[in-house]
Every structure is written in C-alpha cells, then in structure tokens.
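# A closer look at the structure
Letter by letter, the chains look like this.
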Amino acid sequence: MTVNMGPQHPSTHGVLRLVLELDGETVLSASPTIGYLHTGIEKTAEQKKWQQVIPLVERMDYLSAQSNSMAFCMSVEKLARRSRFRSA
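Procedures and definitions
Residues numbered from 1 in each chain as written. Predicted model: local features only at pLDDT ≥ 70, side-chain atom pairs only at ≥ 80, totals over all residues. Heavy atoms only, no water. Pairing = 2+ DSSP bridges. Helix = DSSP H or I, 4+ residues; strand = E, 2+ residues; numbered from the N terminus. Salt bridge = Lys/Arg side-chain N within 4 Å of Asp/Glu carboxyl O. Buried < 20%, exposed > 50% of the residue type's maximum accessible area, 1.4 Å probe, protein only.

## Points about the pairing of strand S3 (residues 26–34)
- Pairing of strand S2 (residues 16–23) with S3, which is carried by 8 bridges, proceeds in the antiparallel orientation. Residue pairing across strands places Glu-21 opposite Ser-29, the latter belonging to S3.
- With antiparallel pairing between neighbouring strands as the criterion, S2 and S3 make up a hairpin whose turn holds 2 residues, including Gly-24 at a positive phi of roughly 70°.

Okay, structure coming up:
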C-alpha cells in the first residue's frame, strides 16, 4: 500500500512530505520531499500590506519563524530601495 504522509502530519512540521510504501505496519520504502510547503500563504499575502504578511511567514514553519520573518523583511527592504531609485 502507498501512503502519503505530510505535510499536514504533526511530526513533519509542515515542511516534509513522505510517500511511504507499506506492507501492513512495515515501511518498505520512503520517498521524502524536503522543503515541501504549500498553504496558500502566497495568495493570501497578495491581498495584504507588507506589514500584515510578517505573521503569515512566521507561521509557515514554527521551527524557524524568526528566519522566515527576517528573510521577508530583508526582501521588502531591498525592493523598497530599488523602487526608490527607479522613481527618482
């Protein structure tokens, strides 16, 4: 039997998907997809101001919430600098 485990399974933290090949309760093989994450945050973020997106990116992976918000804020700052130079 083939079973899809994750990314919603509590043990995968939302960033791991496993396709398991099972024989009863015995795992015969596991095919991992690391970095798997799709919760619709991108589409939700399109409708919000950049300040409102910070809590969303923090919820993508609770193990690295600060890293996600830091990367997002650094990207926003970089884009803001670029748009400032284009409009001048």
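## Brief notes about the pattern of salt bridges
- Under the defined criterion, the tally for this structure stands at 1 salt bridge.
- Put simply, Lys-43 and Glu-46 hold a salt bridge, and the shortest N to O gap is 3.1 Å. Residue Lys-43 and its partner Glu-46 are both found in helix H1 (residues 41–46); the two are separated by 3 residues, about one turn of the helix. Each member of the pair, Lys-43 as well as Glu-46, carries the same accessibility label: exposed.

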